[in-house]
Amino acid sequence: LDVLLGGGLEPGTATILTGPSGVGKTTLGVEFLRAAIAHGQRAVLYSFEESPESIQIRARGIGAPLDDLLAGSALKIVSLNPMQIYPDEFLAMVQAAVEQEGRQLVMIDSLRGYQLEMNEARNPLAHIHNLVNYLGSQNVSSFLINEVEAITGNLIATEIGVSHLADNILLVRYAEYQGHIIKVIACLKKRLGDFQTELRELCLTPAGIVVGAKLENMHRVLTGVPEY
């Protein structure tokens, strides 16, 4: 994954992890948080869709339990009901995590839940823009989980028009390969450095996340039905 991303993701940048339901976006995002925590940083995950218990179960499923990180407060998972919180309340919550708790990574799972929270707001996109700009000004890295409806078919990075806000966009997609459903990962955008444009297979295994070799001799992979 580091090779695919040209060495990794720069601090203070905004990254969108996008793809259909169940493809591994949240699990991949949590691994980015774990990597940063291993280097002494502190992270917070705001979940609008899953309980902290569910996230922990899936982390254990790839051999990367979060118990020690949560017990030591290096990682905090906050479960939110989007129907019970206002945009300004959420922004104040994030500001407190950054300025009072020293959190250097913020992950929002997902943009759809965040958008539901802002249904009463005049301009949801403006609120997301404000949040991303604030985090960038504090040199805080942000990870925005985005779910797209289509499992295969035409490529759409996001369906709510926030792609331009991201410094980095990672796409995870399903594809059919030799009669099996596989997961494919690609970097669509990296504003501050070089990256590889290759498509690689992504596997979530009991031993961890594996990014395989690039898919050779195939095209139309992102449609979900590759051709040799």
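Structure first, text after, so check above.
Cut-off values and rules
Residues numbered from 1 in each chain as written. Predicted model: local features only at pLDDT ≥ 70, side-chain atom pairs only at ≥ 80, totals over all residues. Heavy atoms only, no water. 1 Å grid on protein atoms, 1.4 Å probe; cavity = no way out; pocket = protein on both sides within 12 Å on 5 of 7 lines; lining within 4 Å. Points joined across faces, edges and corners; volume = space filled by probe spheres on them. Helix = DSSP H or I, 4+ residues; strand = E, 2+ residues; numbered from the N terminus. Nonpolar A, V, L, I, M, F, W, Y, C, P; charged D, E, K, R; others polar. Axes fitted to C-alpha atoms, helices over the stretch in contact; angles between N-to-C directions. Parallel < 35°, antiparallel > 145°, perpendicular 65-115°, else oblique. Contact = heavy atoms within 4.5 Å. Phe/Tyr/Trp six-rings, centres within 6.5 Å; stacked < 30°, edge-to-face > 60°. Buried < 20%, exposed > 50% of the residue type's maximum accessible area, 1.4 Å probe, protein only.

A closer look at the layout of surface pockets
By volume, the largest pocket amounts to about 550 Å³. Lining of the largest pocket is provided by 27 residues; of these, Leu9, Phe32, Ala35, Ala36 and Leu105 occupy positions nearest its centre. Breaking the lining of the largest pocket down by element, the ones donating at least two residues are α1 (25-38) and β5 (141-147). Looking at the lining of the largest pocket, the element that brings in the most residues is α1, giving 5 residues.

Observations concerning empty space enclosed by the protein
Overall, the coordinates contain 2 cavities of 30 Å³ or more when judged by the stated rule. Quantified by volume, the second largest cavity comes out at close to 40 Å³. Sorting the residues of the lining of the second largest cavity by element identifies α1 and α2 (52-61) as the ones contributing at least two each. A breakdown of the residues in the lining of the second largest cavity according to their chemical character gives 3 nonpolar, 2 polar and 1 charged.

Thoughts on the packing of helix α4 (residues 87-99) against helix α6 (residues 124-137)
The interhelical angle for the contact between α4 and α6, taken along N-to-C directions, is 10°, at an axis separation of 11 Å. Classified by the angle between their axes, α4 and α6 sit roughly parallel to one another. Residues Pro87, Asp88, Phe90, Leu91, Val94, Gln95, Val98 and Glu99 of α4 form the contact with α6, whose own contacting residues are His127, Asn130, Leu131, Tyr134 and Leu135. Residue composition of the contact of α4 with α6, by class: 8 nonpolar, 3 polar and 2 charged.

Side note on the packing of aromatic side chains
On inspection of all chains with the given rule, the structure shows 5 aromatic pairs. Centroid distance Phe90 to Tyr114: 5.3 Å. Interplanar angle 55°. Geometry classified as tilted. With Phe90 in helix α4 and Tyr114 in helix α5 (residues 111-117), the pair connects residues that are 24 residues apart, well separated along the chain. Residue Tyr114 is classed as buried on the basis of its relative accessible area, which comes to 3%. Through pairs of rings, three or more aromatic residues link up here, namely Tyr46, Phe48, Phe90 and Tyr114.

These figures capture arrangement, not role.
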